[in-house]
Amino acid sequence: QKEVEQDPGPLSVPEGAIVSLNCTYSNSAFQYFMWYRQYSRKGPELLMYTYSSGNKEDGRFTAQVDKSSKYISLFIRDSQPSDSATYLCAMSAIPGGGADGLTFGKGTHLIIQP
Amino acid sequence: GAGVSQSPSNKVTEKGKDVELRCDPISGHTALYWYRQSLGQGLEFLIYFQGNSAPDKSGLPSDRFSAERTGGSVSTLTIQRTQQEDSAVYLCASSLGLAGNLGGDEQYFGPGTRLTVT
């Protein structure tokens, strides 16, 4: 069992829809959770950063963490074609991951249809 | 301000040759990370520097891989005697290196170096 599981997709939704992206993990020591967006042939771009359980909202993006279920989600409201990209979840037990770095999911390929 | 830069952006090399990849972190960022992203795989952590020091090199895939950081800034990742399985995108990230629950440890990535070993 991999430490972080993420459905690779592709996930295709119409413009304006609410998108839900998810990751599950097995390491209960993880406390820091991130979502990155990666466009083709570009580096990952940090979207959301949360600590421990709870919700965090930033514009059209909402990140949720449920540590009891070892489950994290990213919601995108009013999705736009420009949101089409691969979304990577990442997590760590200590800030930044230190000598272990961040542990990433494989990413979900999202397509927003105009 | 300037983000993380990496060079070269693309590198094609023959099997058995050595390659050197460069990362220039965001100014003032003390922590630097190297990752590898292979086709169909997630990002694989390779090594972490705090300042010029790498406390744990066990994430490097083999002894053909080495990394150094000088002056607390630029880092180089060297792959000796390259193999076809080394083909991947090598990504560098940097952060302020602050340890706390209020942030300061967010990692910002460069555009990567796409390495192809023929």
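### As for the sheet that holds strand β3 (residues 19-25) of chain A
Within the open sheet, the 5 strands sit side by side as β1-β3-β8-β7-β6 (chain A). Their pairing is antiparallel. Taken across any chain shown, the strands that pair with only one partner, and hence form the sheet edges, are β1 (4-5) and β6 (54-58) of chain A.

### A word on the state of the cysteines
Within the structure shown, the criterion is met by 2 disulfides over all chains. Across the disulfide from A:C23 sits A:C89; the S-S distance is 2.0 Å. On the sign convention where negative means left-handed, the S-S torsion of about -100° between A:C23 and A:C89 marks this disulfide as left-handed. Of this pair, A:C23 sits in strand β3 while A:C89 sits in strand β9 (residues 85-92), and the two are 66 residues apart along the sequence. Among the residues examined, A:C23 registers a relative accessible area of 1% and is labelled buried. Paired by a disulfide, B:C23 and B:C92 hold their sulfur atoms 1.8 Å apart. With the S-S dihedral at roughly -65°, the linkage between B:C23 and B:C92 falls on the left-handed side.

### Regarding the pairing of strand β4 (residues 31-37) of chain B
All names here are of chain B. Most of β4 sits out of view: 7 of its 7 residues are buried. Alternating positions in β4 separate into two faces, A31, Y33, Y35 and Q37 on one and L32, W34 and R36 on the other, with burial throughout. As defined by bridge partners, β4 adjoins strand β5 (residues 43-50) across 7 bridges and the pair is classed as antiparallel. Bridge pairing in β5 places R36 opposite E44. What sits between the antiparallel neighbours β4 and β5 is a turn of 5 residues, in which G40 has the positive phi angle 80°. Two strands pair when backbone bridges link them, and β4 and strand β8 (residues 88-95) are joined in this way by 7 bridges, in the antiparallel orientation. When the bridges of β8 are listed, L32 appears paired with S94.

About the cut-offs
- Residues numbered from 1 in each chain as written.
- Chains lettered and ligands numbered in written order.
- Predicted model: local features only at pLDDT ≥ 70, side-chain atom pairs only at ≥ 80, totals over all residues.
- Heavy atoms only, no water.
- Pairing = 2+ DSSP bridges.
- Helix = DSSP H or I, 4+ residues; strand = E, 2+ residues; numbered from the N terminus.
- Disulfide = S-S within 2.5 Å.
- Buried < 20%, exposed > 50% of the residue type's maximum accessible area, 1.4 Å probe, protein only.

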